[in-house]
Amino acid sequence: MTVILPLLFLLTAASGTAVVLVRDPTRQVFAIAVNGLVLTVLFDALQAPDVALSELAVGSAAVPLLFLVALMAVRTQPPEEKS
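Read on for an overview of the structure.

Here is what the cut-offs are and how they apply
Residues numbered from 1 in each chain as written. Predicted model: local features only at pLDDT ≥ 70, side-chain atom pairs only at ≥ 80, totals over all residues. Heavy atoms only, no water. Helix = DSSP H or I, 4+ residues; strand = E, 2+ residues; numbered from the N terminus. Buried < 20%, exposed > 50% of the residue type's maximum accessible area, 1.4 Å probe, protein only. Contact = heavy atoms within 4.5 Å. Areas by Shrake-Rupley, 256 points an atom, 1.4 Å probe, with all protein chains shown as cover. Lys, Arg positive; Asp, Glu negative; His and termini not counted. Charge placed at Lys NZ, Arg CZ, Asp CG, Glu CD. Expected span 1.5 Å × (residues − 1). Arc of directions from axis to C-beta. Axes fitted to C-alpha atoms, helices over the stretch in contact; angles between N-to-C directions. Parallel < 35°, antiparallel > 145°, perpendicular 65-115°, else oblique. Nonpolar A, V, L, I, M, F, W, Y, C, P; charged D, E, K, R; others polar.

## What to know about the overall build of the protein chain
Stage number 1. Counting its regular elements, the protein chain contains three helices and zero strands.
Stage number 2. Starting at the N terminus and ending at the C terminus, the protein chain contains elements arranged as α-α-α.
Stage number 3. Oriented by its inertia axes, the alpha-carbon framework of the protein chain measures out at about 65 × 25 × 15 Å.
Stage number 4. Classification of the 83 residues of the protein chain by burial places 24% in the buried group.
Stage number 5. Intrachain contacts of the protein chain at a sequence separation of at least 6 include 56% that bridge at least 24 residues.
Stage number 6. Only carbon and sulfur atoms are counted for the fraction: they give 72% of the accessible area of the protein chain, which is about 6,200 Å².
Stage number 7. Computed over 4 positive and 6 negative side-chain charges, the separation of the two mean positions in the protein chain equals 15 Å.

Have a look at this one:
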């Protein structure tokens, strides 16, 4: 367990950095979902299963899904005509 936690902390930092560095909004949403999965594993390793389940539901599923729906809505709207 002593080797796993530092590796999970590094993986969490790397996935969080990837979220910030990715420029394409669609890929950024998937990076957020991966970051949520990494945080879920970290919370489970830290023996916080309730927080891990909440992160799995919210950080890996609900928030990325809402972002994808918002991106699709923005991209499918026709441009407004100027009067």
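## Describing helix α1 (residues 4–21)
Stage number 1. Taking 1.5 Å of rise per residue, 18 residues should cover 26 Å, and α1 covers 25 Å from first to last C-alpha, within 8% of that figure.
Stage number 2. What α1 keeps buried is the set L8, T12, S15 and V19. Seen from one end, α1 has its buried residues packed into an arc of 70 degrees, which puts them on one side. Seen from the open side of α1, the exposed residues pointing more than 90 degrees away from its buried face are L7, L10, V20 and L21.
Stage number 3. Those residues of α1 that are buried are in contact with α2 (25–45).

## A word on the packing of α2 against helix α3 (residues 49–76)
Stage number 1. Two elements in contact, α2 and α3, have axes whose closest approach is 8 Å; the angle formed by their N-to-C orientations is 175 degrees. Comparing the axis directions of α2 and α3 gives the class roughly antiparallel. Along its contact with α2, which presents P25, T26, V29, F30, I32, A33, G36, L37, L39, T40, F43 and D44, the element α3 presents V51, A52, E55, L56, G59, S60, P64, F67, L68, L71 and R75.
Stage number 2. When grouped by side-chain class, the residues that make up the contact of α2 with α3 number 15 nonpolar, five polar and three charged.

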